[in-house]
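Overview (structure and organization)
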Amino acid sequence: MKTKRIIIKGLVGAAILGFIFIGCKKSSSSPQDTDTESGTDDSQANLFSQDASNISDNAAKGQTTYRPQQQGNENVLSTCATVTNDTSVTPHVLTINFGTSNCMCIDGRYRRGEIIVNYSGRYFDSASVHTLSFSNY
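Quick look at the structure, then.

Analysis parameters
Residues numbered from 1 in each chain as written. Predicted model: local features only at pLDDT ≥ 70, side-chain atom pairs only at ≥ 80, totals over all residues. Heavy atoms only, no water. Pairing = 2+ DSSP bridges. Helix = DSSP H or I, 4+ residues; strand = E, 2+ residues; numbered from the N terminus. Axes fitted to C-alpha atoms, helices over the stretch in contact; angles between N-to-C directions. Contact = heavy atoms within 4.5 Å. Core = buried A, V, L, I, M, F, W, Y, C linked by side-chain atoms within 4.5 Å. Buried < 20%, exposed > 50% of the residue type's maximum accessible area, 1.4 Å probe, protein only. Salt bridge = Lys/Arg side-chain N within 4 Å of Asp/Glu carboxyl O.

**Some words on the sheet that holds strand S7 (residues 114-119)**
Spatial ordering of the open sheet is given by S3-S4-S7-S8, a layout of 4 strands whose pairing is antiparallel. Strands with a single pairing partner mark the edges of an open sheet, and in this sheet they are strand S3 (82-86) and strand S8 (130-135). On average, each strand axis in the sheet is tilted by 15° relative to the strand beside it, whichever way the strands run. Alignment of S7 against S8, held across 6 bridges, turns out to be antiparallel. Within S8, the residue paired with Asn118 across the bridge is Thr131. Contacts from helix H2 (residues 37-60) reach S3, strand S4 (92-97), S7 and S8 within the one sheet, and its direction differs from that of S4 by about 110°.

**Considering the nonpolar core**
Of all hydrophobic cores here, the largest spans 13 residues; its most connected members are Leu94, Ile96, Phe98, Ile115 and Val117. At the level of elements, H2, S4 and S7 are the ones that each hand at least two residues to this core. For Val117, the residues in contact, after removing those within four places along its chain, are Ser56, His92, Val93, Leu94, Tyr123, His130, Thr131 and Leu132.

**A word on the pattern of salt bridges**
Summed over the entire model, instances satisfying the criterion amount to 2 salt bridges. Arg109 is the partner of Asp51 in a salt bridge, and the nearest nitrogen-oxygen pair spans 3.5 Å. Remark: Arg109 occurs in the loop between strand S5 (103-104) and strand S6 (110-111) and Asp51 occurs in helix H2; sequence separation between them is 58 residues. Asp51 sits in the buried class, given a relative accessible area of 9%. Residue Arg111 pairs with Asp51 through a salt bridge whose shortest N-O separation is 2.8 Å. With Arg111 in strand S6 and Asp51 in helix H2, the pair connects residues that are 60 residues apart, well separated along the chain. Owing to a relative accessible area of 4%, Arg111 belongs among the buried residues under this scheme.

So this is what it looks like as structure tokens:
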């Protein structure tokens, strides 16, 4: 009888150990996240924001040409862009108006609508705060 109990306990113990090892085995192929849409959207938003910031900075300098730091190509806003800088109001308002129809810029991009920059103090002062907004841009 004692031998039977020992054999049964041994088999039960072996079965439990077998279940533990089988149940805890890691899968060799874990599912990977392949959705990159949010990353692409974020990258495009940063690109468009930087483009608008470059345009407004150069418009504030009175220049219609600007050279993006990451590209070697010179881009020109276009003759159809109208720049107005109202410093008689606080905060000051810089408006770059591309008109209501597509305005082909030299960089090969069509733009229309307005980029509106509200800023405090002098435009290029380090303490100046710039707020960009868009109207039908």
